[in-house]
Amino acid sequence: MKHLKPLVLALAFATAAGAQTEFAHPTYARADADGDGVLRYAEFVTFVDLNAAAGLGRAPQISGRGLHARAFDRIDANGDGAVTPAEFQALR
């Protein structure tokens, strides 16, 4: 579990790389199936897997090791069951 934090941080850096005033990463928008601006767990899994397929950050390791749930729980700082752009950016 102690190795998960660097993986999550690397994922956050990879996903926030193009962010400007709003969180604007193409795979975030693609994974946000209902378009509400946040990622629920199933959407988060899609997001990680899209990033893994593109070889971004540590997403391949998170996906390959099946660490989606742990990564989600780490990023979902307030425990509301949704990952927001602010929660991703807070990891930076």
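Residues numbered from 1 in each chain as written. Predicted model: local features only at pLDDT ≥ 70, side-chain atom pairs only at ≥ 80, totals over all residues. Heavy atoms only, no water.

## Remarks on the packing of aromatic side chains
So, step 1. Applying the stated rule across the entire model yields 7 aromatic pairs.
So, step 2. Ring geometry for Phe44 against Phe47: centres 6.4 Å apart, planes inclined by 40 degrees, an arrangement best described as tilted. Residue Phe44 and its partner Phe47 are both found in helix H3 (residues 41–53); the two are separated by 3 residues, about one turn of the helix. As far as the burial class goes, Phe44 and Phe47 line up, both buried. (Phe/Tyr/Trp six-rings, centres within 6.5 Å; stacked < 30°, edge-to-face > 60°. Helix = DSSP H or I, 4+ residues; strand = E, 2+ residues; numbered from the N terminus. Buried < 20%, exposed > 50% of the residue type's maximum accessible area, 1.4 Å probe, protein only.)

## Description of the nonpolar core
Generally speaking, nonpolar side chains in soluble globular proteins are found buried as a group.
So, step 1. One finds Leu39, Phe44, Phe47, Val48, Val83 and Phe88 to be the most contacted residues of the largest nonpolar core, which totals 16 residues.
So, step 2. Secondary structure elements with two or more residues in this core: helix H2 (26–31), H3, helix H4 (59–64) and helix H5 (68–75).
So, step 3. Counting residues per element, this core draws most heavily on H3, which supplies 5 residues.
So, step 4. Setting aside chain neighbours within four positions, we find Leu39 in contact with Tyr28, Ala31, Asp32, Phe44, Phe47, Phe72, Gly81, Ala82, Val83 and Phe88. (Core = buried A, V, L, I, M, F, W, Y, C linked by side-chain atoms within 4.5 Å. Contact = heavy atoms within 4.5 Å.)

## A few points about the side chain of Asp32
So, step 1. Its place among the elements puts Asp32 in the loop between H2 and H3.
So, step 2. Within the buried set, Asp32 has no salt-bridge partner at all; the shortest N-O distance to an opposite charge, 7.4 Å, is to Arg40.
So, step 3. Filtering out sequence-adjacent residues up to four positions away, Asp32 remains in contact with Gly37, Val38, Leu39 and Glu43. (Lys, Arg positive; Asp, Glu negative; His and termini not counted. Salt bridge = Lys/Arg side-chain N within 4 Å of Asp/Glu carboxyl O.)

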